[in-house]
Amino acid sequence: MFNHKHLLSIDDLSKEDIETVLEHAKTFEEVNQRTIKKLPTLRGKTVCNLFLEPSTRTRGSFELAEKRLSCDSLNAGGSSSSTVKGESLVDTVKTLSSMKVDMFIVRSKYAGAPLKVAQSTDACVIDAGDGKHQHPTQALLDLYAIWKAKGSFEGLQIGIVGDIAHSRVAGSLIAALKKMGAVVYLIAPGTLLPADPKALGADRVYHNFEEILPQLDVVYMLRIQMERLEDAPFPSLREYNSLYGLTKEREHLMKEDAIICHPGPINRGVELDSYMADSSHSVILDQVFAGVCIRMALIYLMLGGGNVETSY
Ligand code: CP
């Protein structure tokens with residue numbers, strides 16, 4: 001049904017695989033709405049959250065997903081681990097693997113770190129965001145939130161706006177949306193696009209946000225990745241906001257039923273005005289909730305299989 005030991009890139013998954021994950025997430029959504037949000041399904045399994053870069057949403061939702069499936073969670077990485085004493089990634093993974101871990105969830109500022117982990121352990125590995133490369137579980141939760149809001153993907157017009165050059169979210173999301181049949185536009189200044197934006201697989205690139213905004217069913221605003229900017233790609237944050245920000249003044253250009261997505265954390269007043277982030281168009285907190293459901297689905301499919309035990 002879902003024959004993957006690792007999830008290191010969205011390219012690992014077919015359209016059918018993605019549909020399987022979304023359908024399972026729907027089952028887990030129901031579980032997450034119960035008073036007792038816990039299943040016995042993965043008792044005895046151990047998942048190690050190896051987060052070597054800060055995270056609130058991804059880390060929190062993976063940890064909750066593990067707990068709600070009754071896995072044992074081991075949190076490693078960060079300032080309290082021996083990585084700060086200079087222990088290598090491979091030594092860290094081999095050490096933790098010796099404790100009989102079944103799955104690693106890996107977040108790193110280095111592209112390719114989850115692959116290195118997969119090469120150093122017999123356990124399953126999920127990429128929880130690596131450098132500018134991939135963030136496959138973010139793409140899946142985005143698909144889930146869009147599917148819930150719009151019902152299907154075929155022909156949906158989706159604009160991904162902003163810092164595409166530094167975004168691992170865009171790296172995974174564009175491919176995921178194309179697999180599902182959506183039309184994908186990239187909207188950004190040339191300085192925030194990769195050298196060959198067509199290679200990302202989107203349908204068209206726009207430099208003028210207001211030209212395409214009225215057509216969009218989904219307006220996906222990307223965070224300006226301040227920590228990854230090497231040169232100044234625009235004169236000022238104020239100018240960026242005036243040209244590419246989703247501002248209150250641009251609301252009248254949006255379709256009435258268009259939705260706003262953002263992977264978080266938001267730079268309020270830069271790529272997205274507070275008014276729009278908190279407006280009725282916004283599904284940003286639905287994306288956060290989808291994160292728990294999708295991560296439960298993935299851990300379940302990769303570690304468990306079989307029928308979901310939906311009660312204690
Ligand atoms: N979207 C996302 O990856 O957020 P965090 O960095 O908070 O996990």
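Residues numbered from 1 in each chain as written. Predicted model: local features only at pLDDT ≥ 70, side-chain atom pairs only at ≥ 80, totals over all residues. Heavy atoms only, no water.

(A) Quick peek at the site of the ligand. Around the ligand, a shell composed of S55, T56, R57, T58, R107, H135, Q138, P263 and G264 is seen. A distance of 2.6 Å separates an oxygen atom of the ligand from a polar atom in the side chain of S55. Within the backbone of P263, a nitrogen or oxygen atom sits 2.8 Å from a nitrogen atom of the ligand. For the ligand, whose accessible area on its own is 260 Å², the fraction buried by protein is 91%. (Near = heavy atom within 4 Å. Polar contact = N/O pair within 3.5 Å; in protein donor to acceptor, adjacent residues only side chain to side chain. Areas by Shrake-Rupley, 256 points an atom, 1.4 Å probe, with all protein chains shown as cover.)

(B) Spotlight on the layout of surface pockets. Put simply, the largest pocket is a space of about 370 Å³. In terms of lining residues, the largest pocket is bounded by 20 residues, among which R107, R168, R223, G264 and P265 are the most central. If you list the elements that add at least two residues to the lining of the largest pocket, you get helix 2 (57-68) and helix 6 (168-179). Considered class by class, the residues forming the lining of the largest pocket number 5 nonpolar, 8 polar and 7 charged. Put simply, the second largest pocket is a space of about 210 Å³. Surrounding the second largest pocket, 19 residues form its lining, H262, I266, I284, L285 and V288 being those nearest its centre. At the level of elements, helix 2, helix 5 (136-150) and helix 10 (284-303) are the ones that each hand at least two residues to the lining of the second largest pocket. Among the elements that take part in the lining of the second largest pocket, helix 10 stands out by supplying 6 residues, more than any other. (1 Å grid on protein atoms, 1.4 Å probe; cavity = no way out; pocket = protein on both sides within 12 Å on 5 of 7 lines; lining within 4 Å. Points joined across faces, edges and corners; volume = space filled by probe spheres on them. Helix = DSSP H or I, 4+ residues; strand = E, 2+ residues; numbered from the N terminus. Nonpolar A, V, L, I, M, F, W, Y, C, P; charged D, E, K, R; others polar.)

(C) Here's a closer look at the environment of P54. Residue position: P54 is located in the loop between strand 2 (46-51) and helix 2. Separated by 154 residues in sequence, P54 and N208 place their C-alpha atoms 33 Å apart.

(D) Summary view of the side chain of R107. Following the sequence through the fold, R107 ends up in strand 4 (residues 103-108). Buried and without a salt bridge, R107 has E53 as its closest oppositely charged side chain, separated by 4.1 Å. Residues within four places of R107 in sequence aside, it is in contact with L50, F51, L52, E53, P54, S55, T58, A128, G129, H135 and R168. (Buried < 20%, exposed > 50% of the residue type's maximum accessible area, 1.4 Å probe, protein only. Lys, Arg positive; Asp, Glu negative; His and termini not counted. Salt bridge = Lys/Arg side-chain N within 4 Å of Asp/Glu carboxyl O. Contact = heavy atoms within 4.5 Å.)

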